[in-house]
2 protein chains.
Amino acid sequence: MAASQQSSFDQPIYTDAVVDILGAFAYGELSAFWRVCEDASMAPSLWDQMEMSRLAVVEFSKVTLLSERLSDFGVEPSDAMAPFRAPFEKFHSLTKPSDWWEGLVKVYVGDGIARDFYREIANHLDPKTREVVAAATADAGHAAYAVQAIRLGTSLDPTLGGRLALWGRRLMGEALAQAQHVVADRETLADLLTSGTIVGLDLAAMTSIFANITEQHVLRMQALGLDH
Amino acid sequence: MAASQQSSFDQPIYTDAVVDILGAFAYGELSAFWRVCEDASMAPSLWDQMEMSRLAVVEFSKVTLLSERLSDFGVEPSDAMAPFRAPFEKFHSLTKPSDWWEGLVKVYVGDGIARDFYREIANHLDPKTREVVAAATADAGHAAYAVQAIRLGTSLDPTLGGRLALWGRRLMGEALAQAQHVVADRETLADLLTSGTIVGLDLAAMTSIFANITEQHVLRMQALGLDH
């Protein structure tokens, strides 16, 4: 298994697929950077605006890491990201936060889904890419700040929790829908993720990855006290 | 002179004034971070959007540096920044770029003015603050990228140069107007900057600082090829 993986990492189809994965991850973080920056303006205080800005900057540091790895593969990072612009912008236009609280839940939930997904996929990638993805999915402190702020907010406003619980489910649904569009549109990516021929990932493995992500999402909503 | 400066650094009026200076600088960079982030969406390509985003992140790194120094003085950084929110937001609302090029000139010119101003002021501050301001005013690569992009743009569109030259003058005018409002509103700051009793700065020194900044601004506009 290890030997067959080793050789599969040299195939052009592997390179195409890993460039897609890194490009999607990088564009996702770049678009998150812009949105979190924008959402910071809705924060109730300058202190919270700074915290949100700090989270945005962490998203950008991931873009930098992933771009460096894309350059290793001889690809201009913005070229690798371009194909993923439409689905991510679609996701963001469908999940535009209507207030500070929805923005905060989106940062926490969106960051969590992305981290779970890429960490699981990375187990099947070449060692150097795995290392880069591990660094880009390290806990960036989103959790502590968001959980504390949202728990405070829902304790002060009893109607907020129900609304944010619905919002969390909608975010997860839209994320899954856009992920499906991406895979359907990108042939080598679909092949890598489901055929079992490239890096030991097949449809059964993908199903289990999505089951894990859904489970982690439920745990995150519980951490926010939004498991209604 | 050195001995009298040393003792003046211990006076409460010095602390009040230096906290104002650091707070103004930090809020200016924080607001620049948000605006550059926003302006990045107008960039003609994903590559340029990434470059602009990188510049935004550099602005935020300065907020972090200055906040740490504010904490040394026992002040919550967001409290020190709050008084400067109104004048900076006013500046930004009066100088909202109508397109990518105006945004780019604003980043380059605004960053240059801020760097010149705080670097000059820092010569009169305590050694540790001087060091922090030096780090926060180091060249962050704004120049190289902006100059190259604007020179390319004006070479392709002969009407662009004249429009951007006017825009550059307007930016400088609005920056000076808001700076004057700030000084008029903040008594200890005005005292520090003009009375000569605190750190050797008096009205003559301030006049010379503003003359230098204006001169540097002219040189920057020349570097952009916008010295019409």
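It should be emphasised that the depicted structure is a prediction, and the values quoted were computed from it without experimental measurement.

**Remarks on the side chain of B:E29**
Residue and element names in this part refer to chain B.
At step 1: Relative to the helices and strands, E29 resides in helix α2 (residues 12-39).
At step 2: The buried charged residue E29 lacks any salt bridge, with K62 as its nearest oppositely charged partner at 4.0 Å.
At step 3: Not counting residues up to four positions away in its chain, the partners in contact with E29 are E59, K62, V63 and A114.

**Some words on the packing of aromatic side chains**
At step 1: Under the counting rule described, the total for this entry stands at 17 aromatic pairs over all chains.
At step 2: Ring plane angle 75° and centroid distance 5.0 Å describe the contact between B:F117 and B:Y118, whose orientation is recorded as edge-to-face.
At step 3: Members of the aromatic cluster, joined through ring pairs, are A:F25, A:F117, A:Y118 and A:F210.

**A short note on the packing of helix α2 (residues 12-39) of chain A against helix α3 (residues 46-72) of chain A**
The geometry of a pair of packed helices is captured by two quantities: the angle between their axes and the separation between those axes.
Residue and element names in this part refer to chain A.
At step 1: Close contact between α2 and α3 brings their axes to 8 Å; oriented N to C, the two are set at 160°. Taken together, the axes of α2 and α3 are roughly antiparallel relative to one another. α3 is crossed by α2, and the crossing has left-handed handedness. Note on element contacts: α3 touches α2 through M52, A56, V57, E59, F60, K62, V63, L66, R69 and L70, opposite V19, L22, G23, F25, A26, E29, L30, A32, F33, V36, C37 and D39.
At step 2: A class-by-class count of the residues in the contact of α2 with α3 yields 16 nonpolar, 1 polar and 5 charged.

**Observations regarding the interface of chain A and chain B**
At step 1: Facing 23 residues of chain A, the contacting portion of chain B comprises 23 residues.
At step 2: Summing the contributions of chain A and of chain B, the shared interface buries around 1900 Å²; its carbon and sulfur component is 75%.
At step 3: Remark: the boundary between chain A and chain B carries 0 salt bridges.
At step 4: Between the two partners, chain A and chain B, sit 4 residue pairs in polar contact (both at pLDDT 80 or more).
At step 5: Counting only elements with at least two residues in the side of chain A that touches chain B, the list comes to α2, α3 and α4 (77-81) of chain A.
At step 6: In terms of residue count, α3(A) provides more of the side of chain A that touches chain B than any other element does, 12 residues in total.

The rules we used
Residues numbered from 1 in each chain as written. Chains lettered and ligands numbered in written order. Predicted model: local features only at pLDDT ≥ 70, side-chain atom pairs only at ≥ 80, totals over all residues. Heavy atoms only, no water. Helix = DSSP H or I, 4+ residues; strand = E, 2+ residues; numbered from the N terminus. Buried < 20%, exposed > 50% of the residue type's maximum accessible area, 1.4 Å probe, protein only. Lys, Arg positive; Asp, Glu negative; His and termini not counted. Salt bridge = Lys/Arg side-chain N within 4 Å of Asp/Glu carboxyl O. Contact = heavy atoms within 4.5 Å. Phe/Tyr/Trp six-rings, centres within 6.5 Å; stacked < 30°, edge-to-face > 60°. Axes fitted to C-alpha atoms, helices over the stretch in contact; angles between N-to-C directions. Parallel < 35°, antiparallel > 145°, perpendicular 65-115°, else oblique. Left-handed = near helix turned anticlockwise from the far one by under 90°. Nonpolar A, V, L, I, M, F, W, Y, C, P; charged D, E, K, R; others polar. Buried area = accessible area lost by both parts, 1.4 Å probe. Polar contact = N/O pair within 3.5 Å; in protein donor to acceptor, adjacent residues only side chain to side chain.

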